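Coordinates in review
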Amino acid sequence: MIVSRAPVRFSLGGGGSDLPSYASQHGGFLVAAAIDKHIFVAINSRFYDTIRLAYSHTEIVERVDQIEHRLFREALRFTGVSRGVELVSIADLPANSGLGSSSSFTVALLNALHAYKGEFVSSEQLAREACHIEMDILKEPIGKQDQYIAAYGGVTAFTFEKDGAVHVERLPVKLEVLDELERNLIVFYSGVERAASDVLVQQREVIKKNEDSAVQRMHRIKELGYETKRLLLEGDVDRYGDLLHEHWTNKRKLAAKMTDSTIDEHYEAARKAGALGGKLIGAGGGGFFMFYARPGDRRAVTDALVRRGLKPLRFRFDFDGARIVANFHRS
């Protein structure tokens with residue numbers, strides 16, 4: 001048996017500038033952080049020649065093209081693993097929650113399949129292959145942030161060139177700054193699960209048509225990515241909290257499905273309790289909130305959101321990226 005894992009992520013600044021509708025015309029830049037919540041994929045040889053998959057459902061099929069789960073199907077097809085195998089997926093967090101779990105799953109799955117074949121692959125190859133499967137084969141309306149941060153981990157800056165190239169920079173943030181950032185970020189689950197594609201398709205069209213100055217808003221969001229990098233390297237963590245509020249103010253206007261009255265009320269309750277800023281992580285419409293609060297305000301913000309029915313998430317940053325955590329396979 002082989003067990004593979006890949007982390008999910010927070011977008012710290014510049015999120016959304018990796019989307020092809022923007023990056024292919026203007027280039028993108030963002031800072032993301034992997035956290036210690038993972039997608040696990042276990043793979044094992046099967047006595048029978050069939051393929052067994054276990055996730056929220058169970059599939060047993062004779063051929064790859066009979067698989068209903070699209071990511072399992074295309075990853076098996078891509079790597080050439082076609083029979084006599086069993087795959088199981090387990091997640092620390094729910095799907096459709098804005099943390100890039102689908103791409104983390106794809107990265108973990110590809111790493112498991114390559115290891116099963118006795119192949120070592122780099123973080124760069126894992127990210128590129130995951131992007132190819134999700135964006136080129138399955139035509140998902142997503143960007144490249146999730147695949148790359150799942151593969152590389154850490155607190156990392158990504159530059160997305162117009163030609164599709166991605167440049168990766170692990171930020172040399174001081175440990176005491178990372179500790180302060182971890183302490184001051186408060187994350188809550190909204191209880192609302194949604195498919196990111198629903199929001200991203202709408203956002204793509206808004207950017208293409210430049211409705212309500214959408215391109216200019218994206219320019220500013222990208223600038224906030226550069227400012228996030230600068231503030232983290234300088235250790236000015238409280239100023240980052242202010243940036244979060246501006247980031248959300250710009251992003252929430254990019255698609256009608258990104259927010260609603262309940263989400264806005266949660267956000268205002270947190271701000272009233274002392275949060276400097278915050279945002280929905282990911283495309284929007286639900287999933288997880290991330291707020292920044294100074295230590296003296298942290299309890300008040302937490303109490304205010306718990307009273308509103310939100311569930312807090314404890315986390316640490318993950319610096320491992322995609323890993324094979326156990327390998328008992330004999331090829």
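Residues numbered from 1 in each chain as written. Predicted model: local features only at pLDDT ≥ 70, side-chain atom pairs only at ≥ 80, totals over all residues. Heavy atoms only, no water.

An unreviewed UniProt entry lists the protein under the name Sugar kinase, with Pendulispora brunnea as the source organism.

1. Some thoughts on the overall build of the protein
Looking only at helices and strands, the protein has 11 helices and 12 strands in total. In terms of its C-alpha atoms, the protein occupies a principal-axis envelope of roughly 60 × 40 × 35 Å. Within the span of the protein, comprising 331 residues, buried residues form 57% of the whole. Carbon and sulfur atoms provide 47% of the accessible area of the protein, an area that totals close to 14,200 Å². With 45 positive and 44 negative side-chain charges, the protein shows a separation of 1 Å between the mean positions of the two kinds. (Helix = DSSP H or I, 4+ residues; strand = E, 2+ residues; numbered from the N terminus. Buried < 20%, exposed > 50% of the residue type's maximum accessible area, 1.4 Å probe, protein only. Areas by Shrake-Rupley, 256 points an atom, 1.4 Å probe, with all protein chains shown as cover. Lys, Arg positive; Asp, Glu negative; His and termini not counted. Charge placed at Lys NZ, Arg CZ, Asp CG, Glu CD.)

2. Remarks on unusual backbone geometry
Of note, lysine 139 is a non-glycine position whose phi angle comes to about 60°, a positive value. Note on placement: lysine 139 falls in the loop between helix 4 (123–137) and helix 5 (145–152).

3. Focus: the pattern of salt bridges
Taken as a whole, this structure holds 19 salt bridges when the rule is applied. In this structure, arginine 9 and aspartate 146 form a salt bridge, with 2.7 Å as the shortest nitrogen-oxygen distance. Separated by 137 residues along the polypeptide, arginine 9 in strand 1 (residues 2–13) and aspartate 146 in helix 5 bring together distant segments of the chain. Ionic pairing is found between arginine 63 and aspartate 65, a salt bridge with its closest N-O pair at 3.2 Å. A relative accessible area of 47% places aspartate 65 in the partly exposed class. Overlapping salt bridges bring together Arg220, Glu223, Glu227 and Glu246 as one network. (Salt bridge = Lys/Arg side-chain N within 4 Å of Asp/Glu carboxyl O.)

4. Description of the packing of helix 8 (residues 214–234) against helix 9 (residues 237–251)
Their axes nearest at 10 Å, the elements helix 8 and helix 9 cross at an angle of 165°. Taken together, the axis directions place helix 8 and helix 9 in an arrangement best described as roughly antiparallel. Crossing geometry of helix 8 relative to helix 9 is assigned as left-handed. Of the residues in helix 9, those in contact with Arg217, Arg220, Ile221, Leu224, Glu227, Thr228 and Leu231 of helix 8 are Arg239, Tyr240, Leu243, Glu246, His247, Asn250 and Lys251. For the contact of helix 8 with helix 9, the residue count by class is 5 nonpolar, 3 polar and 6 charged. (Axes fitted to C-alpha atoms, helices over the stretch in contact; angles between N-to-C directions. Parallel < 35°, antiparallel > 145°, perpendicular 65-115°, else oblique. Left-handed = near helix turned anticlockwise from the far one by under 90°. Contact = heavy atoms within 4.5 Å. Nonpolar A, V, L, I, M, F, W, Y, C, P; charged D, E, K, R; others polar.)

5. A few points about the side chain of serine 104
Position of serine 104 relative to the elements: it lies in helix 3 (residues 101–116). At 2.7 Å, the side chain of serine 104 and the backbone oxygen of proline 7 are in polar contact. Excluding anything up to four places from it in sequence, serine 104 contacts Ala6, Pro7, Val8, Ile39 and Ala150. (Polar contact = N/O pair within 3.5 Å; in protein donor to acceptor, adjacent residues only side chain to side chain.)

6. Re the sheet that holds strand 8 (residues 185–189)
What the 4 strands build is an open sheet, ordered 9-10-8-11; its pairing is antiparallel. Looking at which strands have only one partner, the edges of the open sheet turn out to be strand 9 (277–280) and strand 11 (311–313). The mean inter-strand angle of the sheet, taken between neighbouring strand axes irrespective of direction, is 25°. Contacts from helix 9 reach strand 8, strand 9 and strand 10 (288–292), with the element oriented near 45° to strand 9. Helix 11 (residues 295–307) rests against strand 8, strand 10 and strand 11 of the sheet, and its axis sits at about 5° to strand 8. (Pairing = 2+ DSSP bridges.)

7. Quick word on the UniProt feature "domain: GHMP kinase N-terminal" (unreviewed entry) in the protein
Taken from the UniProt record, the annotation "domain: GHMP kinase N-terminal" (unreviewed entry) applies to residues 75–154. With 55% helix and 9% strand, residues 75–154 has end C-alpha atoms that lie 25 Å from one another. (UniProt positions renumbered as here; feature names shortened; annotations may be inferred.)

8. A short note on the environment of leucine 244
Within the secondary structure layout, leucine 244 lies in helix 9. Owing to a relative accessible area of 1%, leucine 244 belongs among the buried residues under this scheme. Spatially, the C-alpha atom of leucine 244 lies 6.6 Å from that of lysine 279, the residues being 35 residues apart in sequence. Among residues more than four places away in sequence, those in contact with leucine 244 are Leu12, Leu185, Gly277, Gly278, Lys279, Met290 and Tyr292.

9. Regarding the environment of glycine 282
Its place among the elements puts glycine 282 in the loop between strand 9 and strand 10. Remark: the alpha-carbon pair of glycine 282 and aspartate 146, spanning 136 residues in sequence, is separated by 9.6 Å.

10. So, the pairing of strand 8
Regular strands have side chains that alternate between both faces of the sheet. With respect to burial, strand 8 is a largely interior element, 5 of its 5 residues being buried. In strand 8, alternate side chains face the same way, and those of Leu185, Val187 and Tyr189 on one face and Ile186 and Phe188 on the other are all buried. The pairing of strand 8 with strand 10 spans 5 bridges and is antiparallel. Looking across to strand 10, one finds that phenylalanine 188 is bridged to phenylalanine 289. Across 3 bridges, the pairing between strand 8 and strand 11 is antiparallel. Residue valine 187 lies in a different strand from strand 11, and its bridge partner there is leucine 313.

11. Let's talk about the layout of surface pockets
A water-sized probe rolled over the atoms picks out the places where empty space is left. Taken as a whole, the second largest pocket spans an internal volume of roughly 300 Å³. Of all the secondary structure elements, the ones that give two or more residues to the lining of the second largest pocket are helix 6 (175–184), strand 8, helix 11 and strand 11. Looking at the lining of the second largest pocket residue by residue, the classes come out as 6 nonpolar, 1 polar and 6 charged. (1 Å grid on protein atoms, 1.4 Å probe; cavity = no way out; pocket = protein on both sides within 12 Å on 5 of 7 lines; lining within 4 Å. Points joined across faces, edges and corners; volume = space filled by probe spheres on them.)

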